[in-house]
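Architecture at a glance
Here is how the chains run, residue by residue.
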Amino acid sequence: MIMNDTARKGLFGRFVAGLARTRQGLVGQIERLFGGNIPTAANLETLEELLIAADFGPALAQQLMAPLQERLGRRDLSNLDQVEAALKQGILAILNGTAPPPSSIDHHTKPQVLLFLGINGSGKTTTIGKLANRLSSNGGLVVLAGADTFRAAAIEQLQLWGRRVGADVICHQAGADPSAVVFDAVQAACSRGASHLLIDTAGRLHTKRNLMEELKKIQRVASRQMPDAPHERIMVIDATSGLNALVQAKAFHEAVGLTGLILTKLDGTARGGVVVAIADQLKLPITFVGLGEGVDDLQPFVPEAFTDALFARS
Ligand SMILES: Nc1nc2c(ncn2[C@@H]2O[C@H](COP(=O)(O)OP(=O)(O)OP(=O)(O)O)[C@@H](O)[C@H]2O)c(=O)[nH]1
Ligand SMILES: [Mg+2]
């Protein structure tokens, strides 16, 4: 994504605010731990525990610690700044190691069909609303599909977002077949010349076979109408659910072949290390992150902004 200086600073500010809890929990403790002292082996052990507590996961924590331990052995580690710089470098290398995200904003095929999925309450509908707002502010014509037909309230929630951001919503009644909604929505999006069709689905547990089959049916119906649709299959993950998300994401990936991840509620957790653990394990691009409930709180995931904000000093 191309960004000018002002946009970059704005994004950094959003990350600083959204990551406040993780920064206070992790970096605050790191600062207290090392303070003005020369790092010791015991300090490094405590640091590893702090990384695990922030949901980096044991394997990744160990991997991030290895260069620090090696430097300590060579007596080449003498202050907090060096510790933080080494951690930042390790984290950034992992975040930059995932495949580049497909760019839903600049793509030429019309409409781009994006399927959103994930477990209950992860933030799918809210994320779709925020993304629709972002896309239409950039000149896009967005259509939303209410393929969460499980509850009437789910359809109403999407309609509310549609009105709020000025996007048409295609839906049926509660209890309808989600694939039938998608069929109509693809047709409507094509005939209206929409740039994007965002499909909302019901939250489901990755262990429910029939519900995973339903997702595959949605995919089949969309691809019969438009080859390659849905162009993106995006899993929305609640960052506060911690490392459970890894198992869930693997199951969804097997079922539909995910193209990207969106992590929500980073503002609500002190365990933001999960972002790095997920990037490390799944090697799937994190396209956006949710840093709050407001319409502007969905931000593109820029590894440098994330890492700098994590270690920002006030
Ligand atoms: N703080 C915070 N809250 C969020 C964020 N994203 C979503 N939420 C909140 O999470 C709650 C659930 O969001 P929904 O969008 O309804 O989740 P969903 O995945 O569509 O839920 P189901 O359709 O029931 O599976 C709502 O209260 C949202 O406002 C975020 O980035 N930060
Ligand atoms: Mg929903």
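Residues numbered from 1 in each chain as written. Chains lettered and ligands numbered in written order. Predicted model: local features only at pLDDT ≥ 70, side-chain atom pairs only at ≥ 80, totals over all residues. Heavy atoms only, no water.

A separate point is the environment of valine 186. Relative to the elements of secondary structure, valine 186 occurs in helix α8 (residues 178-191). For valine 186, a relative accessible area of 1% puts it in the buried group. For valine 186 and leucine 50, which are 136 residues apart along the polypeptide, the C-alpha to C-alpha distance reads 47 Å. Leave out the neighbours within four places in its chain, and valine 186 touches Leu197, Ala222 and Gln225. (Helix = DSSP H or I, 4+ residues; strand = E, 2+ residues; numbered from the N terminus. Buried < 20%, exposed > 50% of the residue type's maximum accessible area, 1.4 Å probe, protein only. Contact = heavy atoms within 4.5 Å.)

Two elements in contact, helix α2 (residues 20-34) and helix α5 (residues 80-95), have axes separated by 10 Å at closest approach and are oriented at 145°. The two elements α2 and α5 cross, and the hand of that crossing is right-handed. Contacts from Val27, Ile30, Glu31 and Phe34 in α2 reach Leu80, Val83, Glu84 and Leu87 in α5. Looking at the contact of α2 with α5 residue by residue, the class counts come to six nonpolar, no polar and two charged. (Axes fitted to C-alpha atoms, helices over the stretch in contact; angles between N-to-C directions. Left-handed = near helix turned anticlockwise from the far one by under 90°. Nonpolar A, V, L, I, M, F, W, Y, C, P; charged D, E, K, R; others polar.)

Two orientations exist for strands paired in a sheet by backbone hydrogen bonds: parallel and antiparallel. Taken together, the eight strands give an open sheet; going across it, the order is β3-β2-β4-β1-β5-β6-β7-β8, and neighbouring strands pair in mixed fashion. The sheet is open, and its two edges are formed by β3 (168-170) and β8 (298-300), each paired on a single side. Pairs of neighbouring strands in the sheet enclose a mean axial angle of 25°, with direction left out of account. The pairing of strand β1 (residues 112-117) with strand β4 (residues 196-201) spans four bridges and is parallel. What sits directly across from leucine 115, in β4, is isoleucine 199. Contacting β1, β4 and β5 (232-238), helix α9 (residues 209-225) crosses the sheet at an angle of about 175° to β1. Across the face of the sheet, helix α10 (residues 244-256) comes into contact with β1 and β5 while running at roughly 165° to β5. (Pairing = 2+ DSSP bridges.)

Here we come to the site of ligand 1. Around ligand 1 sit 19 residues, and of these Lys124, Thr125, Thr126, Asp267 and Glu293 come closest. Within the backbone of lysine 265, one N or O atom sits 2.9 Å away from an oxygen atom of ligand 1. Here glycine 292 contributes a backbone N or O atom positioned 3.3 Å from an oxygen atom of ligand 1. Coverage of ligand 1 by the protein amounts to 79% of the 650 Å² it exposes when considered alone. Per-element accounting of the shell around ligand 1 gives the leading share, four residues, to helix α6 (residues 124-137). (Near = heavy atom within 4 Å. Polar contact = N/O pair within 3.5 Å; in protein donor to acceptor, adjacent residues only side chain to side chain. Areas by Shrake-Rupley, 256 points an atom, 1.4 Å probe, with all protein chains shown as cover.)

We now examine the domain arrangement of the protein. When the parts of a complex come together, some accessible area is lost, and that lost area is often taken as the interface size. When cut into domains, the protein gives domain 1 (5-95) and domain 2 (112-302). A straight line from the C-alpha centre of domain 1 to that of domain 2 covers 32 Å. Summed over both partners, the interface of domain 1 with domain 2 buries about 1,800 Å², with 64% contributed by carbon and sulfur atoms. It is Arg14, Phe15 and Asp55 that lose the most area in domain 1 upon contact with domain 2, and together they represent 32% of the buried surface on that side. Between the two partners, domain 1 and domain 2, sit two salt bridges. A salt bridge links aspartate 55 to arginine 271, with the nearest nitrogen and oxygen atoms 2.8 Å apart. Taken together, domain 1 and domain 2 are joined by eight residue pairs in polar contact (both at pLDDT 80 or more). (Domains from an automatic or database assignment. Buried area = accessible area lost by both parts, 1.4 Å probe. Salt bridge = Lys/Arg side-chain N within 4 Å of Asp/Glu carboxyl O.)

This part is about α10. Across its 13 residues, α10 extends 19 Å between first and last C-alpha, which sits within 8% of the 18 Å expected from 1.5 Å per residue. For α10, the full list of buried residues reads Ala245, Leu246, Gln248, Ala249, Phe252, Ala255 and Val256. (Expected span 1.5 Å × (residues − 1).)

Looking now at the pattern of salt bridges. Per the stated rule, a full pass over the model turns up twelve salt bridges. As a salt-bridge pair, lysine 217 and aspartate 177 come within 3.0 Å of each other at their nearest N and O atoms. Here the residue lysine 217 occupies a position in helix α9, and aspartate 177 occupies one in the loop between β3 and α8, the gap between them amounting to 40 residues. The class for lysine 217 is partly exposed, based on a relative accessible area of 34%. The class of aspartate 177 is partly exposed, set by a relative accessible area of 33%. Connected through shared salt-bridge partners, Glu70, Arg71, Arg74 and Asp76 make up one network.

Another aspect to go through is the pairing of β1. Where burial is concerned, most of β1 is hidden: six out of the six residues are buried. Neither face of β1 is exposed, since Gln112, Leu114 and Phe116 on one face and Val113, Leu115 and Leu117 on the opposite face are all buried.

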